[in-house]
Amino acid sequence: MSQSRTEEWTTEDVHHWLITEVKVSLSCANKFIQEDVSGEYLVSFKKTDVLDLGIKHGPAVKIACHLKSLTEASAHRSEHPAYVEAWTKEQVSQWLLDHVKIYSKYAELLLEQDVSGDCLVCFRKQDFLDLNVKSGPAVKILAELEKLNHGPEPSLQPSPDQRGGHECVQPEKKLHHTVANKQNQTGPQGDPETTSRKTEEERTEPEPLGAKHKAAVVKSQPESPQTTMVIKNFLDDLLKDDVKKFHFHLSGYTQSKIKPVPRGKLEGKDTLDTAQLLTGHYGSQEALLVTINILKEIGQRELAYQLEINMSPQEQPCLSRDIMKKEANQGDKLKLLLTCGGNSLDSYDRFVIVVNKSSSEQIQYLNFLSKLKLFCVLDFDPNSAAVGGLCHSYRESRVANLHLPVQFQGKTEKVIKELNLYLQTSWVFCNGRHDLDNNLNKELDYKNWLRKSCRDVEHLVSFICNPDVFLHGRCLIIFLLLSPVDMNKDPIFDTYKSFIKHTDERNIITICESQSRYLKWRELVKEKCDFDIELLSINELTLSEINGTIIGLGPVTSSSTRLLPSSGSSAVVLKQKDEDLLTALDVLCLNQCENIYDENSSKFHDFRITVEEEFYRGAKVRWWNFYFCDKDMEKSFIKRDKYENVKKMIRSQRTHSSNTCVLLTLFHDPGCGGTTLAKHVMWDLRQEFRCAVLKDNTVPKTEVANQVRHLMKLESEKLSPVLLLVDDSKETENHFDLLNCIRQAVEDLSSIHLDDAQSCKVIILNCVRSQNPVEQYRQHNQNQNQYITAKLTPQEQKEFEKKLKELKETHEKPENFYSFMFMKNNFDRKYTENLARNTLENFDFSIKTAKLFSFLALLNTFVAKSEIALSLCEDFFQMKMIRWKEDSVLDRMKPYSNFLLIDSVDEWGGYKGVRILHHAIASACLEELERSHHLKVSDIVKEILHYDLFFSVRVVKQRLMLSIQRMLIERQLKKDGEEREPFSPLVNKIHSQQGRQTVQEIFVKASSRFQTSLSIPQALARYLYINVRDFPEAMKWAEKAKNINENPYTVDTIGQIHKSNLRCNIEREKQETSHNPEDLHKNIEIAKNGWKAFQRAQELSDLDNEVEEEAADDDSEDYPRKTYNIKGYVSILEISFLVFEILSRLPFFEKNDLLKKHYLQSFLNGLIPINNVHKENSVANSRYVEIIKEHQPFLVKLKSEVKEVFDFLNSYFTYIKQNSELDTLNHRIVTDHFKKYVDLFCSTPDERRKEQENKANLSLKLDIEEHKRFLEKNQADTFSGILQYLDKPAEEMERITECYAFLLRNMVNERPRKAKINYIMSNIVLYHLKANSKHVKKHRDLCVLLQEVLQDVGLQHPFPDPYFLALLLFWPSPTDENIDIATFVTAIRKSSNKYLSKLFQKRSTVAYFYLGKEEGLKRLVSKRSLDKSFLSKMHRDALAQLWWSGEIFREEDIIRRLYRVKGTIEQGEVYANYGKQKIPVRPARISGIRSGFSTENVSFYIGFAINGPLAYNIKYEN
């Protein structure tokens, strides 16, 4: 504490410092206020100045000593034992007489001058001399004081104030820690701004405190300033109405022998005055008891409990014998310890149990463990998991994951996720586990445990006490001693000591059935930890009594028996253990909310009022809200206009859809009630479906699918339909993965039959926030989608008017339910603008309250579902909370608290978060701050980035950091719903208002905050090259992102900068009249760098496609994860064609001149060197030639590289199922560039004719080249290109087949292997387009030709094409056993895996042909011909859905035309059986085969794909 800071103190700050730090009496401190001693005067005070105030010598010396430490900015430290400071002035006098043996007159003098122990330790020799104590006695006193540092504590009699209880000392000597903790938030060491502001709020008339104290204090009983401040601080936690109740009960308090405080004396008194009246009227000890009793009377049991528990064990007996009598009732005490004075176990988030060895007799009385919300159990019984053990017993009714202490090491969030903490109980074996046959899990003796296991257990304890895991006071640790602990060399005692190191003793309680066992444990703790656990222990109840007491406690938050709908309108019980397994789902039961409260009680009435008020203010809807309205039919829940539509859509899909899983989508404007509508529909359908809400969208899709399947088959042989709500989805999210996983999981159930189709149904209702829900709805299948907007119909407006009248009957001021009123006003922006204007009238950004509100307005405007953790808000205000009191933050946030809500966040075990009631209110506040207070969003962003508090490593801070990051980088879809904006809305706004400099400043600061995040520098790089076109600066930031993590996206950004730079240069040069050859050199260099970057990005994508990296700015935004990324190839094409464009604009390569264009073609084909190109002699042309020579290796290989990329992408789009919009976009780009390729490299017929006219003797070689160019131009020069002609006119395929026939006749001097393969394929395709074409060869002839090819290529050909043909032509007939087709299956798998493996990553291949019932080429049934038979009956989208789901194979047209092959499944592999031949076949769907490796007879249809035969619609013959 610096002197300059002290000088800023007010008189109240000085008073506060004297009470809490110096710990002088209230009367001493009041004299400083009476004399107007503020900080600037205090720093000049000497001891004589203090004495001049009429303060006695003892306290004056102490004040002067503390003041010296304060001005020197050093902590005050006593040089003597701590017990000396606890001596009263009477004990000091006794010590002087009995131990120092000085004259009694000196002892009486010090007693008269109030020299207590804490004053005595501040005395120096001069202080004694100033008291007229002679030098001799003074020196002796100081010498004896020094001896106390090395000798035993002298035995002193208690002072008169202490004689009420055994070994008691003055309460104020022991309560200073409570005062300090409670006062720390407002003391001089806190924020002066906060202190002064609070003072202004609490005292409307700032009159000197001394005057008040003088009038208030009744001197009939001894008072204690420390006790006064403790009581005052606990009263500060009461709301104004509760303070009034406290005054009322205090004035009528009759449980004391002293008369009550007159009501007139309490009129208008604040909490400090009230505390002074209490201690003055009743004395320190009884004042505490009176306060506790009254707090309980007014319903503040938790606060009363905290006041009791804050007393040290020595102080507790001082309260009174009444309390001791109450504590003798151990049942009440147990309830008090577990519930913080209430009746519900909800007071703590979780419980941690530490237990030693148990007996079978004890376990029957430990059922209460199933009642507690257990975080983990630290079990020291190695037999606990075996039959008859505690863990085994617990797992009969609840789920527990069995762990070892070593598993709790690593990053906190990773451990939480991997071990399923918070979701399921963790049972940790801390000293062996005998049910595992492993010597490593044997129980250890103490010495070996200390050496091998102690450190892991200590780390586990540290993990549990980490504030990232539990905030202070939110977890209760219970030591359950079921067997003796006879000595301190016991692992469980070491564990207790570890907990004491990491958490407050008051967070640990002990339960022990045996009194003798308890006394031994208490003695150990007292001896080794210097702490008496008496007040935190239960030791007089039997285990049966403990069990019954705990089971009888609340919370009664769920019905005792939860029911699910089942077949035939029946119901089944949802067991707690089953619900434990459904960690990702919030299950809605048939009897949700029933039989929980006595619904005629005032408690239920108050609960209903609270829940309704929270909802209509802006909280998330709860099932209770629907339940209340169902109970009171006259006050029904508002049904939105689309309610019936959504309900009808769900029922229709259940009845009419043949799919096992259906995805329905509800698009909605943010904050318009979309989620509430979905839950309302779900509530009303809970009789028809087993309903559940997906709690966490980040849970792996396969895990969600397994849990949905589990829910579907619970407690019933017949499957029940499930309605699953997926909430808070983004427009860009792809939920088809979830759909596919659930469908596969459901189809895995062996009990599925056609008759069960309606019951075996999962309907996913997907709520998607959208910027344009109507447009999104129009773009999708309208039978499976609905939308809701921020606009009410006339009928809806009437419903809202009616509801407002109803609310006025039951709630005070429902006009202040701002979210409800905003909707009632038809989402009118003027309403929110007026609210914001009125509330923010006196906004002052320099005050912390205003800053925090502006942070919330910013986050809630730009980041959906964002909040700031309540604990972070407390830290921001420097509040040190003794108990969980959320209202205190809202009190601090006045006058903005009416706009705020404290919400529960389910992540990481749950915590409280603060947010603004509605997105529209947050947005209006942000606009008002800008309009009326000239506060731009950039100012708020800079301010939030300024605070270190928000950016340290903590779980609750991690969520805030992610919100800040999302705010800067997350982009939205454009209004058309196809493409996204280039930047986040926040960046767009700052750019439009203030331009580049401010945007860059913010990104630079954010980059320093998110040092390990590549997203920020990458986003800045994109901003600089797209918006500003500052390519060098953009490259610097792109390189920084790549250095953090080189992945396909960071490297791609570098390539995009080069590509954008090149485009920019080309556009600029088009506008210029003269051209500089040096520009060519620069542009080719840029192109080469870009080309290398895209090539590297593609390599990284191919290598790391399976690795999950940190999401970059473009990750999951532009490029979907978990899919093969071909963007590198596409970008290589784009930059290559930019190079071609640059070259085609050179004087000697102009594409508009046919001859010059021919020169360019020849040069790029490597046919002529640049020197042989005809050109005019000029300086510029000479320089152009020099530059081209320098880059010739790059330029000459460019055409062949481009052709390879085209061929590869052609295979990709041919062989792989396309399932994303990105595939469609890439296909369009590739197609456009291939047209350019054809224009540049494949001459038109007119050009060829002119060329032939110029050459009288056209050679055969030129004719062959012409045919090759024709095939290349039509993308028919590759095997995959020919396959694509199955969907094109037959005439084109005839010309292609004829072309290949010409090549085979005339390429006599070459080995036309590829031409033969493509010729056979073109014949098969042409046959399916036009079977009677004269160009189609007979099946026999094609087989002979293929035999020649196969003899030529053998079985090691690098490409799968010849083996694909072998499957088509040589697949055996039902009786044919001669051809060893399995050889070709092996060959095609091997070659396709080598050539196309990167295409197959997490993608399915396309079968172009299926095995039919005919012979020859007729036996091959093309997918196109199958589609044809359906397209006359249904839309193409519906047909695609049939193929996708596999339901197509149940259609009669398919069954009639395709041949069903018989086979077997052995060791999980599928085989087609032809006589003795077993041909390996891959299942088209993994879910088609059951787990368990059972050998079974099956049948299936066969499709032919480029990676081998596929088995469709596998059926088990048994």
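Calculation criteria
- Residues numbered from 1 in each chain as written.
- Predicted model: local features only at pLDDT ≥ 70, side-chain atom pairs only at ≥ 80, totals over all residues.
- Heavy atoms only, no water.
- Buried < 20%, exposed > 50% of the residue type's maximum accessible area, 1.4 Å probe, protein only.
- Helix = DSSP H or I, 4+ residues; strand = E, 2+ residues; numbered from the N terminus.
- Pairing = 2+ DSSP bridges.
- Patch = residues over 30% accessible without salt bridge, like charges linked within 9 Å, V, L, I, M, F, W, Y side chains within 5 Å.
- Areas by Shrake-Rupley, 256 points an atom, 1.4 Å probe, with all protein chains shown as cover.
- Salt bridge = Lys/Arg side-chain N within 4 Å of Asp/Glu carboxyl O.
- Lys, Arg positive; Asp, Glu negative; His and termini not counted.
- Charge placed at Lys NZ, Arg CZ, Asp CG, Glu CD.
- pLDDT = per-residue confidence, 0-100.
- Contact = heavy atoms within 4.5 Å.
- Expected span 1.5 Å × (residues − 1).
- Bend = angle between axes of the 7 residues up to and from the residue.
- Disulfide = S-S within 2.5 Å.

Participant: Tell me about the pairing of strand 14 (residues 762-769), and name the residues and values.
Facilitator: Burial analysis of strand 14 places eight of its eight residues in the buried class, the great majority of the element. Of the two faces of strand 14, the one lined by Val762, Ile764, Asn766 and Val768 and the one lined by Ile763, Leu765, Cys767 and Arg769 are each fully buried. Bridge count for strand 11 (residues 661-668) against strand 14 is eight bridges, and the pairing is parallel. Across the sheet, Leu664 pairs through a bridge with Leu765, a residue of strand 14.

Participant: Any chance you could break down the sheet that holds strand 3 (residues 400-403) for me, citing the residues and the numbers?
Facilitator: Read across the open sheet, the seven strands follow the order 3-4-2-1-5-6-7; overall the sheet is parallel. Both edges of this open sheet fall to strand 3 and strand 7 (537-538), since each of them pairs with a single strand only. Bridge count for strand 1 (residues 350-355) against strand 2 (residues 374-379) is five bridges, and the pairing is parallel. In the sheet register, Val354 faces strand 2, and the bridge partner there is Leu378.

Participant: How would you explain a negative patch on the surface if you had to name every residue and give the values?
Facilitator: On the surface, Asp241, Glu613, Glu614 and Glu812 cluster together into a negatively charged patch. Its location among the elements puts Glu812 in the loop between helix 43 (794-810) and helix 44 (818-824).

Participant: Any chance you could break down the pattern of salt bridges for me, citing the residues and the numbers?
Facilitator: Inspection of every chain in the model, using the stated rule, returns 58 salt bridges. With a shortest N-O distance of 2.8 Å, Lys47 and Asp130 are connected by a salt bridge. Of this pair, Lys47 sits in helix 5 (residues 47-52) while Asp130 sits in helix 11 (residues 125-130), and the two are 83 residues apart along the sequence. When its relative accessible area of 12% is taken as the criterion, Lys47 is described as buried. On the basis of relative accessibility, which here comes to 38%, the residue Asp130 falls in the partly exposed class. With a shortest N-O distance of 3.7 Å, Lys808 and Glu815 are connected by a salt bridge. Here the residues in one salt-bridge network are Arg522, Lys526, Asp532 and Glu534, joined through shared partners.

Participant: A description of the confidence of the model for the chain should follow, citing residues and the corresponding values.
Facilitator: Mean pLDDT for the chain: 83, with 86% of residues reaching 70 or above. Confidence drops under pLDDT 50 across residues 161-222; counting only partners more than four residues distant or on other chains, this segment forms 127 contacts. Per-residue pLDDT stays below 50 along residues 1251-1258; that stretch engages in three contacts with residues further than four places along the chain or on separate chains.

Participant: So, the environment of Phe32: which residues are in play, and what are the values?
Facilitator: Following the sequence through the fold, Phe32 ends up in helix 3 (residues 26-34). On the basis of relative accessibility, which here comes to 1%, the residue Phe32 falls in the buried class. With residues near it in sequence (within four places) discarded, Phe32 still touches Val14, Leu18, Val37, Leu42, Phe45, Val50, Leu53, Ile55 and Ile63.

Participant: Describe in detail helix 61 (residues 1192-1215), supporting the description with residues and values.
Facilitator: The terminal C-alpha atoms of helix 61, which comprises 24 residues, lie 35 Å apart, in line with the 34 Å expected from a rise of 1.5 Å per residue. The sharpest bend along helix 61 comes to roughly 40°, located at Leu1198.

Participant: Lay out the state of the cysteines in plain terms, naming residues and giving numbers.
Facilitator: The tally for this structure, following the rule as stated, stands at zero disulfides. Cys122 supplies the cysteine sulfur nearest to Cys119, a cysteine that is in no disulfide, at a spacing of 6.8 Å. Looking at Cys119, the relative accessible area reads 3%, which means it is buried.

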